[in-house]
Amino acid sequence: MSRSASQFKIHANEKARDLRHRQVIRTALHGYEIVRDKCKASFQSWESARQAAAEIKWEAVNHLDTHLEALVAKLEARGTKVHWASTGAQACEIIAQILRDKNAHLMIKSKSMTSEEIHLNDALEKAGFTVVESDLGEFIMQLRHEPPYHIVFPSMNLTRGEIKDLFQRELGDAPSDSPEELTMVARRFLRKKYIAADVGLTGANFAIAETGMISVTENEGNSRLTSALPKTMITLIGIEKVLPRMADLALFLPMLATAGAGQMMTGYNTMYSGPRQPGEADGPEEWHVVLLDNRRTELLADAEQRDSLHCIRCGSCLNVCPVFRNIGGHSYGTTYPGPIGAVITPHLLGLKEWKHLCNASSLCEACSEACPVKIDLHHHLLQNRRNAALALPAHCEQLAYKIFGIIANEPKFWWLAKKIGWLTQPLHRLVNGSVLDPVRPFWTKTRDLAPMPRESFKDWWKKRKSN
Ligand code: SF4
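Parameters and conventions
Residues numbered from 1 in each chain as written. Predicted model: local features only at pLDDT ≥ 70, side-chain atom pairs only at ≥ 80, totals over all residues. Heavy atoms only, no water. Near = heavy atom within 4 Å. Nonpolar A, V, L, I, M, F, W, Y, C, P; charged D, E, K, R; others polar. 1 Å grid on protein atoms, 1.4 Å probe; cavity = no way out; pocket = protein on both sides within 12 Å on 5 of 7 lines; lining within 4 Å. Points joined across faces, edges and corners; volume = space filled by probe spheres on them. Helix = DSSP H or I, 4+ residues; strand = E, 2+ residues; numbered from the N terminus. Pairing = 2+ DSSP bridges. Contact = heavy atoms within 4.5 Å. Axes fitted to C-alpha atoms, helices over the stretch in contact; angles between N-to-C directions. Salt bridge = Lys/Arg side-chain N within 4 Å of Asp/Glu carboxyl O. Buried < 20%, exposed > 50% of the residue type's maximum accessible area, 1.4 Å probe, protein only. Phe/Tyr/Trp six-rings, centres within 6.5 Å; stacked < 30°, edge-to-face > 60°. Lys NZ or Arg CZ within 6 Å of the ring centre and 35° of its normal. Core = buried A, V, L, I, M, F, W, Y, C linked by side-chain atoms within 4.5 Å.

Caption draft 1: Quick look at the site of the ligand. For the ligand, the set of nearby residues contains 13 residues, the closest of which are Cys311, Cys314, Gly315, Cys317 and Cys371. Of the residues in the shell around the ligand, the class split is 10 nonpolar, 2 polar and 1 charged.

Structure representation (structure tokens):
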């Protein structure tokens, strides 16, 4: 669902003017900051916890090679098949091949933003497989043939009534718009899919190098069923998800739950260490872990923005961003919306097509302040603006600034410009905001140009000194 800069502007404009949409987002995030702050208060010091988390992630990301080697060695020692994928297309092909080898038809899948990033569902469906999302929010969006709206709350843009109508239309079952009853409808449908699925795919929140384990944290238990019922399990994980030690989870699990959803801990926290071992009663017979790069190593090589690999995908920066709250997730046209999306998308998908995202920010710093791992988001947005200006200069803009520089640096020109501005002011007042107004596309379309004062500060000062 990539969006060009002009499409982004049109969509963002529409959404920002759509008061109903803004109300739905406000309702969805209502109370988020209150419950998040209550949970933050239960940390001895939230700021120290953030600092500790940032340092652990720094260690993990700056020694990624060592940690990944340790992780893979431990995983393989217990019979897990590890695959390395340089690109999204490669990861899709690896997963499709596993499905072919297993003669599979149906894959059940728990929530994974990494799989959204590589458009896994589309690739598998094109290859002839059926994929069913098992996370309730993702399932709803799949029924609508739309990508998730938010990295934690995929269907936050929908009302209960809309979900009821959707279930009635697609599943033929929606007794009321009560959340409990609607959940039961989805549950009845999905239970059959878990049993019928040949393969289950999960994402991962963390990978522990020390023990060779994958940590998945969720609220619905669907990830557990996805991994426990099918005979073959696949885990897709971005290489930056590594944490050095098991003990690090003592900090990261409550921190992710707090920042992500204002919970002390998420409902289900599972550690996967390998396929079913001899003598064990349950678990998948075969486990594949796909480690995805997809330009993460290029981001790793960028010393300035390397810390954006610290992201634990809590979604907190989206929740507090005034731009996201007004234009919503789909306007961005990328898997990762909001401030973190505006920072990493140009790296993952190319600066040329995605440079406009860094301008979708008021630079209020709310994102950096909210980030539990202290990513310097607002400065990274500024750096992306600089990178875009250096790499892809806008010639008209450059010329305009050059002319402005000449005028601003020469007192005689500056004086003349002021006089022209002053003398043409009545004319400007006449065309202000109309189609004849030369600055309308940039400025007066939505606001008035401030009137020029009768006297400039310099003239006033000169007069004052001479009196
Ligand atoms: S950048 Fe920070 S606040 Fe935003 S999703 Fe990532 S960890 Fe959360």
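Caption draft 2: Structural context of empty space enclosed by the protein. Here the structure, examined in full by the defined rule, presents 3 cavities of 30 Å³ or more. By volume, the largest cavity amounts to about 100 Å³. If you go around the largest cavity, you meet 18 residues; those closest to its centre are Cys321, Pro339, Ser361, Cys367 and Leu381. Of all the elements, helix α17 (residues 338-349) adds the most residues to the lining of the largest cavity, at 3 residues. Taken together, the residues of the lining of the largest cavity break down into 13 nonpolar, 4 polar and 1 charged.

Caption draft 3: Just the sheet that holds strand β8 (residues 242-243), in detail. Strand order in the open sheet formed by 4 strands is β8-β5-β6-β9, and the pairing between neighbours is mixed. At either end of the open sheet lies a strand with only one pairing partner, and these are β8 and β9 (268-272). Relative to β8, strand β5 (residues 206-208) runs parallel, the two sharing 2 bridges. Counted as the bridge partner of Ala207 is Val242 from β8. Relative to the sheet, helix α13 (residues 249-261) contacts β5, β6 (213-218), β8 and β9, its axis offset from that of β5 by approximately 175 degrees.

Caption draft 4: Here's a closer look at the pattern of salt bridges. Enumeration over the complete set of coordinates arrives at 20 salt bridges. When the shortest N-O distance is used, the salt bridge between Glu286 and Lys102 registers 2.8 Å. Placement of Glu286 in strand β10 (residues 286-292) and of Lys102 in the loop between α6 (88-101) and β2 (106-109) is noted, with a sequence separation of 184 residues between them. With relative accessibility at 34%, the residue Lys102 sits in the partly exposed group. Close ionic contact of Glu146 with Arg144 constitutes a salt bridge, the shortest N to O distance being 3.3 Å. Classification of Glu146 by relative accessible area gives partly exposed; the value is 27%. Among the ionic contacts, a cluster of salt bridges with common partners joins Glu117, Glu240, Arg296 and Arg313.

Caption draft 5: Layout of the packing of aromatic side chains. A full pass over the atoms with the stated rule returns 11 aromatic pairs. A ring pair is formed by Phe457 and Trp461, whose centres lie 6.1 Å apart and whose planes are at 20 degrees; its orientation type is stacked. Of this pair, Phe457 and Trp461 both sit in helix α25 (residues 457-466), 4 residues apart, which is roughly one turn of that helix. Among the aromatic side chains, those forming a connected cluster through ring pairs are Phe8, Phe324 and Tyr332. In this structure, Arg313 packs its charged tip against the face of Tyr336, placed 4.4 Å from the ring centre.

Caption draft 6: Fine view of the nonpolar core. Counting 52 residues, the largest nonpolar core has Phe206, Leu251, Phe252 and Leu377 as the members making the most contacts within it. At 7 residues, α13 tops the list of elements feeding residues into this core. Apart from residues no more than four positions distant in its own chain, Phe252 is found in contact with Ala53, Ile56, Lys57, Phe206, Leu243, Ile312 and Val373. The next biggest cluster of nonpolar side chains, apart from the first, holds 21 residues, and it includes Cys92, Ile95, Ala96 and Val290.

By themselves, these figures tell us nothing about what the structure is for.
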